[in-house]
Each structure stands twice: as structure tokens, then as C-alpha cells.
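# Inside the fold
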Amino acid sequence: MQKVFFDYSGILDEVSAEEVNACLKKAVSARDKLINKTGEGNEFTGWVDLPVNFDKEEFERIKKAALRIRQDSDVLIVIGIGGSYLGARAAIEFLGNSFYNEKDGLKVYFAGNSLSQKYLSDLISLVKDKDISVNVISKSGTTTEPAIAFRVFKDLLEEKYGPEGAAKRIYATTDKEKGALKELADKQGYETFVVPDDIGGRYSVLTAVGLLPIAAAGFNIDRLMEGAAEMRDISLSRSMDIPALNYAAARNALYAAGKKIEITADYEPSFHYMNEWWKQLFGESEGKGHKGIFPASVDLTTDLHSMGQYIQDGERLIMETVVEILDQPGDIVIHREEDDTDKLNYLAGRDMEYVNSRALEGTMLAHIEGGVPCMRVTIRDQKEYTLGQLIYFYEFACGVSGYMLGVNPFDQPGVESYKRNMFALLGKPGYEALLKEITEKAAARSKEAAK
């Protein structure tokens, strides 16, 4: 059953139906390029068929490892950056209780996604007396942020459990055959899972990269994959009414009309990290060659009291995609009070889900009238099957949209620029010439500024 839907009727004051249809024809062509593997970066499109063509033996090992972690650990530390952690965190926040780490059971914390000494020190202080497992996720094993965090936690585990005991609590998700982490895992005897060669990090949440943490957190990854498989079937069909194609077409029609920024607006705090995952997925896929829609996000209604003013009345560079989630759990009803001090009696008998839905509709109307075209993604519930559909919907739309823009949606050349400079400034061997160049340029700028 389809659980994710897309509607672009809220953009038709800004672009015509004919313009969207013209983009939809381009989206179909881009879809064919994607599924036939004839576009740039086609060697990284393994995610297209992943929901029906995944390693079943590894999938069962993931479930067994997740059960073992839940049985012998109080805490799971997931170490990774970018696509190596955002998808898992997004899924756990989306599916779980809003305060899942405050409840009984396994706590899941994330490390290696920054270079903050304070964050890592605080995390170590929090968990050092607990039973800990670590899932380190890195294709190479040499990415600076996760490599530092893993070295710290590896030392902590070896001191706490001894080398052999620590090895039983470390799970490495890495390259199948090569790389620093793979070599260390083989040497130390860590259980390993594979980052597939044909799937880039930001498309990897439905591989072991995301599945092990999600399963360890107690969620049903069978249902997750089943949902993704259904959205794959929908996306690969010959119908013109395909959510991912309509989304790609609508946002590209708006981009052609001058809307350079896409804001995804959620109305549930538990969707916050889905927005973060979405921002990486589209930003890293499309932002190339001085082209691309800039992805941003807001949490509403919270951010209506901060960013709301700009969205309503600022520069008209914005398109908005509103995420609507139906069938929310809970039953908080507003009751009538004899003394209506807060003036809420007009809502008596209504629940908070109703109030939130009216805020969503009212805000969309205001934004559309203010010149912000609004698209809508509707999700039936916050369950594994639905999440699988949603993940695939976004991934497929992103691949199609990238090809429509004329870029390779599966590489990230710009990410390497900061790394080279950072390595030079840290004194990494082999970067001496770059350090000299950086130093000379900095001196020249200082001299110019002093004139």
C-alpha cells in the first residue's frame, strides 16, 4: 500500500501546469537514464535496485548482531560522518520515542561527526561506566572525524574489556576488501559489514551503514526494506503519476522560474534529522558547476517565531516543501475551563494533532499568498514500512533531479577542497607544498588588508 504522496498544486501561482508538464517529460528522460545506467556516475546507482537485490546473508547477520548488541550492551556508539550517520540517526529519531535515550533499553549515541573536543569528552563521561558496543562506519577508515573518534573509543574499550573483549564489541561497516579500517578489522577480528562499491554514502541508509544501527535500536528492518521495495516498483513503473518524478519536475520548474532555495518544513520535531539527511542528499548531489537548488529546512511551528518572518516577507527566492504526517500517536485533548484566561476554550474538545494540522494549512496558505510556492509530501504514519517508502522516494527524486540539472548526482568533488587545506594546516605528510602556498596567500591578504 502506498504510504507517501506528493502534491504540487500549491506552486501553480508561480509556474504553469504546462511548465511543470514540460519538466515532467524531462524527468521521465532522466529516470530512464538513471535506471538504464547511461548517465554520469552510473557506477554508483546500486541503490536503485537495492530494496530487491540486497545481500540476504549479510541482512540476517545484521539482525543477529543487532540482537547481540541489545543483549550485552547498555550503549551503542555509532561512529561516522555525513551519509555514514545521518540516515541512521534520521530513521531512529523518526521511528522512535521523542526521548528514546531517556527510556529503558539500549541507548544510541553518535560520534565522529564533528571535531569538537567538548562533545567527545561529554559523551565519554556519560557512557564510560556502561557496557558499550561500537559500530564504526567508514569506507576507507581514514576520514579524519570518525577516525579520531574511533581511535578514542577503541582505546576506551580495550582498557575496559581487554583487546579480545573489545574486539567482540566493535562492529566495522567498511569496504569489502581494502582500506585501513578493513585491514584493522581483519587483524583484530571485528565483525564486518559492507559499504557497497556501487552505492555512495548519502544513498547508503538501506545498506548495513544504516540498517545495523536501526536494527540495534529495535526497529523492524524487514518492513523498512519492504516499504522501499514498493516505492521502487512505483518509481520504475511507466505511469506519469509517480511521486518522485512529480517532485523532481516541480522543483526544477520552480528553479527555472528563479526559485533558488528549497526549504523543507516539517511540523513534527521527530522529523528534524530526516531534514538533515535530506539536506545532505540533495545538497551534495546537486550543488556542482555553480548550479543547484540550495536545500534548507525549518521545524514548524517552532521556527515560525524566528524564520517565519523571512519566509513570509523576505526575498522571493524560496520554494517550500511541506511535510505532512498523518495518524499521529497520542491523545492530548484540550479541555474547557470555566475561567478562560488563556482564551483556548474555542478549541475545547480538539486534540493537538488537529491544532497542528490547522497550523500547517494556515501557514501554507499564507506562504502561497506571500509568493512562496508550496509543495506537499504527505506521509501516512511514522512506521518502518512508510519510512522505507519515504527514503526511496527522496533518493529516486534526487537522482532524477540531478540529471535534469545536468550534473553528476553521485560524486562530490567540492568536499575534497577543505580536506586538503585542513591536512596541510595540520601538518600531514605530503602536504608541505600546499601549506607553503596557503601561508604565502594568507600573508599576502594580510598585507593587502593593512594598506
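See the structure shown above.
Residues numbered from 1 in each chain as written. Predicted model: local features only at pLDDT ≥ 70, side-chain atom pairs only at ≥ 80, totals over all residues. Heavy atoms only, no water.

### Examining the packing of aromatic side chains
- Here the structure, examined in full by the defined rule, presents 20 aromatic pairs.
- Both rings, one in W277 and one in Y394, keep their centres 6.2 Å apart while their planes meet at 65°; by these two values the pair is edge-to-face. Of the two residues, W277 is situated in helix α10 (residues 272-286) and Y394 in helix α13 (residues 384-405); the sequence distance between them amounts to 117 residues.
- You can call W277 buried: its relative accessible area is 3%.
- Ring geometry for W278 and F282: centres 5.7 Å apart, planes at 45°, overall tilted. You can see W278 and its partner F282 sitting in helix α10, four residues apart, about one turn around the helix. (Phe/Tyr/Trp six-rings, centres within 6.5 Å; stacked < 30°, edge-to-face > 60°. Helix = DSSP H or I, 4+ residues; strand = E, 2+ residues; numbered from the N terminus. Buried < 20%, exposed > 50% of the residue type's maximum accessible area, 1.4 Å probe, protein only.)

### Some words on the sheet that holds strand β8 (residues 294-299)
- Across the sheet, five strands lie side by side as β1-β10-β9-β7-β8; this open sheet has mixed pairing. Only two strands of the sheet have a single neighbouring strand rather than two, namely β1 (4-7) and β8. This sheet shows a mean twist of 20° between the axes of neighbouring strands, independent of strand direction.
- In the sheet, strand β7 (residues 261-266) pairs with β8 via six bridges, with the strands oriented parallel. By the bridge assignment, E262 is partnered in β8 with P295.
- Packing against the sheet, helix α9 (residues 243-256) makes contact with β1, β7, β9 (318-325) and β10 (374-379), and its axis sits at approximately 30° to β1. (Pairing = 2+ DSSP bridges. Axes fitted to C-alpha atoms, helices over the stretch in contact; angles between N-to-C directions. Contact = heavy atoms within 4.5 Å.)

### A closer look at a negative patch on the surface
- Together, E337, E338, D339 and D342 line one region of the surface with negative charge.
- When you line up the elements, D339 lands in the loop between β9 and α12 (352-369). (Patch = residues over 30% accessible without salt bridge, like charges linked within 9 Å, V, L, I, M, F, W, Y side chains within 5 Å. Areas by Shrake-Rupley, 256 points an atom, 1.4 Å probe, with all protein chains shown as cover. Salt bridge = Lys/Arg side-chain N within 4 Å of Asp/Glu carboxyl O. Lys, Arg positive; Asp, Glu negative; His and termini not counted. Charge placed at Lys NZ, Arg CZ, Asp CG, Glu CD.)

### Section: the packing of helix α4 (residues 117-127) against helix α5 (residues 144-167)
- Contact geometry for α4 and α5: axes closest at 12 Å, N-to-C directions at 25°. One element, α4, and the other, α5, form an angle in the roughly parallel class. The interaxial crossing formed by α4 with α5 has right-handed handedness. Contacts between α4 and α5 involve L120, L123, I124 and V127 from the first element and A149, V152, F153 and L156 from the second.
- Its residues assigned to classes, the contact of α4 with α5 comprises eight nonpolar, no polar and no charged. (Parallel < 35°, antiparallel > 145°, perpendicular 65-115°, else oblique. Left-handed = near helix turned anticlockwise from the far one by under 90°. Nonpolar A, V, L, I, M, F, W, Y, C, P; charged D, E, K, R; others polar.)

### Section: the pairing of strand β6 (residues 191-194)
- Sheet topology note: the strand β5 (residues 170-174)/β6 ladder contains four bridges and is parallel. Across the sheet, the residue bridging to T174 is V194, located in β6.
- What joins β5 to β6 is helix α6 (residues 180-188), and the crossover it makes is right-handed. (Right-handed = clockwise from strand over helix to strand, strands pointing away.)

### Re the pattern of salt bridges
- As enumerated under the stated definition, the model contains 27 salt bridges in all.
- Residue K63 pairs with E60 through a salt bridge whose shortest N-O separation is 3.2 Å. Residue K63 and its partner E60 are both found in helix α2 (residues 56-72); the two are separated by three residues, about one turn of the helix.
- The exposure class of K63 is partly exposed, given its relative accessible area of 26%.
- Among the ionic pairs, E286 bridges to R251, the shortest N-O distance being 2.9 Å. Note that E286 is positioned in helix α10 and R251 in helix α9, a separation of 35 residues in sequence.

### Some words on the environment of V152
- Following the sequence through the fold, V152 ends up in helix α5.
- On a C-alpha basis, the gap between V152 and I124 in space is 9.2 Å, while along the polypeptide they are 28 residues apart.

### Notes on helix α3 (residues 86-95)
- Taking burial as the measure, the ten residues of α3 include ten buried ones, the bulk of the element.
- Those residues of α3 that fall on the buried side of the exposure criterion are L86, G87, A88, R89, A90, A91, I92, E93, F94 and L95.
- Along its buried surface, α3 packs onto β3 (107-111), α7 (208-216), α10, β9 and α13.

### Overview of the sheet that holds β5
- Spatial strand order, β3-β2-β4-β5-β6: five strands in an open sheet with parallel pairing. Lying at the two open borders of the sheet, with one neighbouring strand each, are β3 and β6. Across this sheet, the average inter-strand angle for adjacent strands is 20°, counted without regard to direction.
- Taken together, the four bridges between strand β4 (residues 132-137) and β5 define a ladder with parallel strand orientation. For I137, the partnering residue across the bridge sits in β5 and is T173.
- α2 contacts β2 (75-79), β4, β5 and β6 of the sheet and is inclined by roughly 135° relative to β6.
- In this fold α7 packs onto β2, β4, β5 and β6, with an angle of close to 160° to the strand it touches most, β4.

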